[in-house]
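# Coordinate inspection notes
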Amino acid sequence: MNYFRQLTIAVLHPGTEAGSALDRNNRITVFAFAILPGLSPNFNSFILLASMVWGLYCLATGRLALNLSRSDRLVAIGMSIYPLVMIASIFINPPYSEELDWIFRLLPFFSVWLILPRMRQSPDGRLLPLFILGAGIGMIVTFLFSLLQIMFLMSRAEAGTSNAALLGIIGVLFGGIALLNVQSPRSVEQRIAILGYAAGLGCVLLSGTRSAWLVIPVHIVIFFWYFRKHSFHLSLRSLAITGSLLLAGLITLGSGQILDRIEALQGDLTTLERSDGEITSLSARFALYKGALSAIRKDPLTGYGPQNRMTSVLAELPDSIRQQLPFSHVHNGFLTAGIDAGVFGIAALSLMLLTPVIGAWRKEPGPGRDLAIALALLLFSSYVITGSFGIMFNQKALDPIFAYMVALICVDRGSTRFAPVVRS
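Let us look at the structure shown here. No experiment lies behind these values; they were computed from the predicted model shown.

### Brief notes about the overall build of the chain
When helices and strands are tallied, the chain shows 18 helices and zero strands. The proportion of buried residues among the 424 residues of the chain is 54%. Restricting to contacts in the chain with at least 6 residues of sequence separation, those with at least 24 account for 77%.

### With respect to the environment of Gly345
Turning to its location among the elements, Gly345 is positioned in helix α16 (residues 333-361). The sequence separation of Gly345 and Met86 amounts to 259 residues, and the corresponding C-alpha distance is 6.9 Å. Excluding anything up to four places from it in sequence, Gly345 contacts Tyr82, Val85, Met86 and Ala337.

### Remarks on the packing of helix α8 (residues 164-179) against helix α18 (residues 398-411)
The contact between α8 and α18 brings their axes to 12 Å, and the two run at 20°. Here α8 lies roughly parallel to α18, going by the angle between them. Crossing angle aside, the handedness with which α8 passes α18 is left-handed. Of the residues in α18, those in contact with Leu166, Ile169, Ile170, Leu173, Phe174 and Ile177 of α8 are Leu398, Ile401 and Met405.

### Thoughts on the pattern of salt bridges
Applying the stated criterion across every chain, the model contains seven salt bridges. Among the salt bridges present, the one from Arg126 reaches Asp23, with a minimum N-O distance of 2.2 Å. Taken together, the residues span a long stretch of sequence, with Arg126 in the loop between α6 (112-119) and α7 (127-152) and Asp23 in helix α2 (residues 20-35) at a distance of 103 residues. The shortest N-O distance in the salt bridge between Asp72 and Arg120 comes to 2.7 Å. Of this pair, Asp72 sits in helix α4 (residues 70-92) while Arg120 sits in the loop between α6 and α7, placing them 48 residues apart in sequence. We classify Asp72 as buried; its relative accessible area is 3%. Among the charged side chains, a salt-bridge network with shared partners connects Asp23, Arg27 and Arg126.

### Some remarks on unusual backbone geometry
Negative phi values dominate among residues other than glycine, just as trans dominates among peptide bonds. The phi dihedral of Ser162 is positive, around 65°, even though this residue is not glycine. One can find Ser162 in the loop between α7 and α8. Accessibility expressed as a relative area gives 63% for Ser162, which makes it exposed. You will see that His331, though not glycine, has its phi angle at about 60°, which is positive. Relative to the assigned elements, His331 resides in the loop between α15 (319-322) and α16.

### Some words on the nonpolar core
The biggest cluster of nonpolar side chains holds 94 residues, and the ones touching the most others in it are Ile177, Leu180 and Tyr383. With twelve residues, the top contributor of residues to this core is α18. What Ile177 contacts, discounting residues up to four positions off in sequence, is Phe131, Ile132, Ala135, Leu375, Leu378 and Met405. With 17 residues, the next largest nonpolar core counts Ala284, Ile296, Val330 and Ile339 among its residues.

### A short note on the packing of α4 against α6
Across the interface, α4 lies against α6 with an axial gap of 10 Å and an inter-helix angle of 150°. Considered as vectors, α4 and α6 are oriented roughly antiparallel to each other. Here α4 contributes Asp72, Arg73, Ala76, Ile77, Met79 and Ser80 to the contact with α6, which in turn contributes Val112, Trp113 and Leu116.

Calculation notes
- Residues numbered from 1 in each chain as written.
- Predicted model: local features only at pLDDT ≥ 70, side-chain atom pairs only at ≥ 80, totals over all residues.
- Heavy atoms only, no water.
- Helix = DSSP H or I, 4+ residues; strand = E, 2+ residues; numbered from the N terminus.
- Buried < 20%, exposed > 50% of the residue type's maximum accessible area, 1.4 Å probe, protein only.
- Contact = heavy atoms within 4.5 Å.
- Axes fitted to C-alpha atoms, helices over the stretch in contact; angles between N-to-C directions.
- Parallel < 35°, antiparallel > 145°, perpendicular 65-115°, else oblique.
- Left-handed = near helix turned anticlockwise from the far one by under 90°.
- Salt bridge = Lys/Arg side-chain N within 4 Å of Asp/Glu carboxyl O.
- Core = buried A, V, L, I, M, F, W, Y, C linked by side-chain atoms within 4.5 Å.

Right, here's the structure in full:
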């Protein structure tokens, strides 16, 4: 309990240095943002929007300067191209429908311009360790919530996200982020790191999100690269024993969900071989992919606008299955961008997905650069792999998470060394 009292002080205490009030507010915001995704993603949207409004006010009144480096500007421009392309597509492609709503959804991608100057008011190396620690704590609480849902309410856990697939994406991403805290010299933070990673994987298993399963081996490769370069304070024997026990426990808890999802996939594959017209999760995806590709071939330059997305896709499908596909996207982020804005949409999306890697790679060599690259690769791989089979953007949770993490990846210098949140 002494550690958590010290943690409360580390987060809430304003300090004595100049700009300490802004630094304290940054710490509170970053810590809350890391904890909340699996519990209430709408609060993440609120935090990002409030940070953008406050950042705009501070820049307009001169309380903050737009002190973005050349690399920061490159990242911010790369982030901004995607929403600008989508907004142009909205107005190029009538009929117009809820265009203001679509524009409002795209605002998070402009946030780097507004929130990065505020984040820079905190000393180097203070915010990222707090975010990593918060991710571990948030995943532990989210896993307990998910476990209760599986035990008493649902066949697939959703936690506070209202979407099992969304929980799977958040679990694999924030669980991976949490594990980076194994490098902390504080034993409590090491335990939170390991438990947070296990809890994130538990959320993935209990949610039954098969696309998130594919991300796990890619993340393991990223961990091998990062931890090979940076020593951590746990013995390999201790880590192996702890990891094996947690893995065995997770498999035991999630075995039913894993078998159910594998059987469901086998059933879908069997159905594909028949020609009785039955629509399953897998056949629906194939139908949507086919309709999307056909629509993109007809208008590869400007697309159809996000407001006409599903109308244009369903128009390419037979009447017999059209009414059985009540979706708002085609379960592939790249095809969705192609429908919305043609090849320019796909190019803009690809550039935006690469912005965290670009921002991290362009830092000066050092431990801060390595940590930023690890975070960027975890973020990039999570969105690309899961988004290739399901949701990627146009979500209240996933859009602000991506934008906020891009700003966090940019905030520290490459020479910044990792330090525990509670240092005394």
